[in-house]
Amino acid sequence: MTSDLLKTLVDKALQRRAPERAEALALLGDSEPLIDVVAAGARVRREFFGTRVKLNTIVNMKSGLCPEDCGYCSQRLGSEAEVLKYSWIAPGKAAEVAGQAVRAGAKRVCLVASGRGPGERDLGRIENTIAAIRSEHPKVEICVCLGLLADGQAERLAAAGADAYSHNLNTAEARYADICSTHTFADRVDTLGRATVAGLSPCSGAIFGMGESDDDIVDVALALRELNPDSVPVNFLIPFEGTPLGDRWDLTPERCLRILALFRFYFPDVEVRLAGGREIHLRGMQPLALHLANSIFLGDYLTSEGQPGADDRGMITDAGFTIEGIDEPTLPAARHDLVAIRRRGAGTGLPANA
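Residues numbered from 1 in each chain as written. Predicted model: local features only at pLDDT ≥ 70, side-chain atom pairs only at ≥ 80, totals over all residues. Heavy atoms only, no water.

Considerations on the overall build of the protein chain
Selection criterion: The way it works is that DSSP assigns letters per residue, a run of H or I at least four long becomes a helix, a run of E at least two long becomes a strand, and they are numbered from the N terminus. Here the radius of gyration uses the C-alpha set of atoms, whereas the globule reference equals 2.2 Å times the residue count to the power 0.38. For each residue, the accessible area found with a 1.4 Å probe, counting protein chains only, is set against the maximum for its type, and the residue is called buried under 20%, exposed over 50%, and partly exposed in between. Here, residues are in contact when the closest pair of their heavy atoms is within 4.5 Å. His residues and chain termini do not enter the charge count, which takes Lys and Arg as positive and Asp and Glu as negative. Just so you know, the charge point we use is NZ for Lys, CZ for Arg, CG for Asp and CD for Glu.
Secondary structure assignment for the protein chain yields 13 helices and 10 strands. By the compact-globule yardstick of 20 Å for 354 residues, the protein chain fits well, its C-alpha radius of gyration being 19 Å. Its C-alpha atoms give the protein chain principal-axis dimensions of roughly 60 × 50 × 40 Å. Taken over 354 residues, the protein chain has a buried fraction of 55%. At a minimum sequence separation of 6, the contacts of the protein chain that also span at least 24 residues come to 76%. On the protein chain, the mean spot of the 39 positive side-chain charges and the mean spot of the 48 negative ones are 4 Å from each other.

Comments concerning the nonpolar core
Convention followed: Nine residue types can take part in a nonpolar core, namely buried Ala, Val, Leu, Ile, Met, Phe, Trp, Tyr and Cys, and a core is a set of them joined through side-chain atoms within 4.5 Å.
One finds Phe208, Phe236, Leu260 and Phe263 to be the most contacted residues of the largest nonpolar core, which totals 68 residues. The contacts of Leu260, once residues within four sequence positions are left out, are Val234, Phe236, Val272, Leu274, Leu282, Ala289, Leu292 and Ala293.

Some words on the side chain of Asp69
Definition in use: What makes a salt bridge here is a side-chain nitrogen of Lys or Arg within 4 Å of a carboxyl oxygen of Asp or Glu, nothing more. Counted as a polar contact is a pair of N or O atoms within 3.5 Å, where, for protein atoms, one must be capable of donating a hydrogen and the other of accepting one, and residues adjacent in sequence contribute only when both atoms are in side chains.
In this structure, Asp69 sits in the loop between strand E1 (52-62) and helix H4 (91-103). Of the side chains with opposite charge, Arg76 comes closest to the buried, unpaired Asp69, at an N-O distance of 4.5 Å. A polar contact of 2.5 Å, which involves the side chain of Asp69, links it to the side chain of Ser181. In this structure, Asp69 is in contact with Arg76, Leu77, Ile179, Cys180, Ser181 and Thr182, ignoring residues within four places of it in sequence.

A look at the packing of aromatic side chains
Quick note on the threshold: Here a pair means two rings of Phe, Tyr or Trp (six-membered ring of Trp) with centres within 6.5 Å. Their orientation is stacked below 30 degrees between planes, edge-to-face above 60, and tilted elsewhere.
Overall, the coordinates contain 4 aromatic pairs when judged by the stated rule. Measuring from ring centre to ring centre gives 6.3 Å for Phe297 and Tyr301, while their planes differ by 80°; the resulting arrangement is edge-to-face. A connected cluster of aromatic rings, assembled from ring pairs, spans Phe208, Phe263 and Phe267.

Digging into empty space enclosed by the protein
The test is simple: With a 1 Å grid laid over protein atoms only, a set of points is called a cavity when a 1.4 Å probe fits there but cannot get out and a pocket when it is open yet has protein on both sides within 12 Å along at least five of seven lines; lining residues have an atom within 4 Å of a point. Grid points are joined across faces, edges and corners, and a volume is the space filled by probe spheres set on the points.
Within this structure, the stated rule accounts for 1 cavity of 30 Å³ or more. The calculated volume of the largest cavity comes to roughly 920 Å³. If you trace the largest cavity, you find 41 residues lining it, with Tyr72, Cys73, Asn168, Ile207 and Leu302 closest to the centre. Elements represented by at least two residues in the lining of the largest cavity include exactly strand E2 (108-113), strand E3 (141-145) and strand E7 (231-236).

Things to note about the pairing of strand E8 (residues 271-274)
Counted only if it meets this: Strand pairing follows a simple DSSP-based rule, namely that at least 2 bridges must link the two strands.
Here E8 shows a buried face lined by Glu271 and Arg273 and a second buried face lined by Val272 and Leu274. As paired elements, E7 and E8 share 4 bridges and run parallel to each other. The residue bridging Ser231 from the neighbouring strand is Glu271, located in E8. As paired strands, E8 and strand E9 (residues 295-297) are joined by 2 bridges and run parallel to one another. Bridging from a neighbouring strand, Arg273 pairs with Ser295 of E9.

A short note on unusual backbone geometry
Not every positive phi belongs to a glycine, and Arg16 is a case in point at roughly 60°. Among the structural elements, Arg16 can be located in the loop between helix H1 (4-14) and helix H2 (21-28). The phi torsion at Asn170 lies on the positive side, around 75°, for a residue other than glycine.

Now the structure itself:
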């Protein structure tokens, strides 16, 4: 029988209201049976997204040799992880890789490059890559992830045809300095604000398994809600040997599912994406996660391999879900509005749209 807590969380989510902190912490604990937690989250997921699963793919445009020192990242400054290292791939090659994924069912292509942020030449490369992909697949969504953005860069990406910008908050503000010293939590929030003001769909999530507490999980969820993202990737740490967090194997399948359920309650009508680390931490419980997340990455990640795309598609079908078509809107109608809240000009630190 569904408990009062789960009934309350479902009712609030269906009204797009956030859980109270005490409710969220109780969900992350073990007082509620896991199957009941998943069932409650699944009800919210079905209400807003039915049985559709959106497929996304990553194209790693530039791998390794990053000057930032994010402790979880295999591409970080000082990383000894034996990952691929290469400079920018050509737009045509990126379009070829993207095309393979689109033909396999991917609806969104994520163009990612290591580094603190893009320079002039980097933006030019991305513009050419977007054009190359659009020439073959005009309807595919294109998301860009290039690090911290400076003045005018988000607008330039939007003009080039990018649909979204991805920049994760990764963890709670109070412990951000524990995982990175070369930039701040505020820097990341600033970049998401720039992308949103420029008309790019904001994509931002977190990484779990880095030693965070339950309160930290709630804190980053609340910080993300303030940014009002359209997509929230939920990553589980991939502990690469040769990185500071290479020995962290703290997660269990149950822990991952409870975190996913919590994010479904905090983001009931938002694309919650099951992202990096799902294979190694959820293992045989991955199909259960589809009852909470409505979106997954197909195939490989930035520097690690995922399970074969055919296995992903089979898992989706076997679990009773369908792959979202390229012409189907992902977000429910209530989020497809024409009202743009002003986030620049008077009362902000950003220039007016004059």
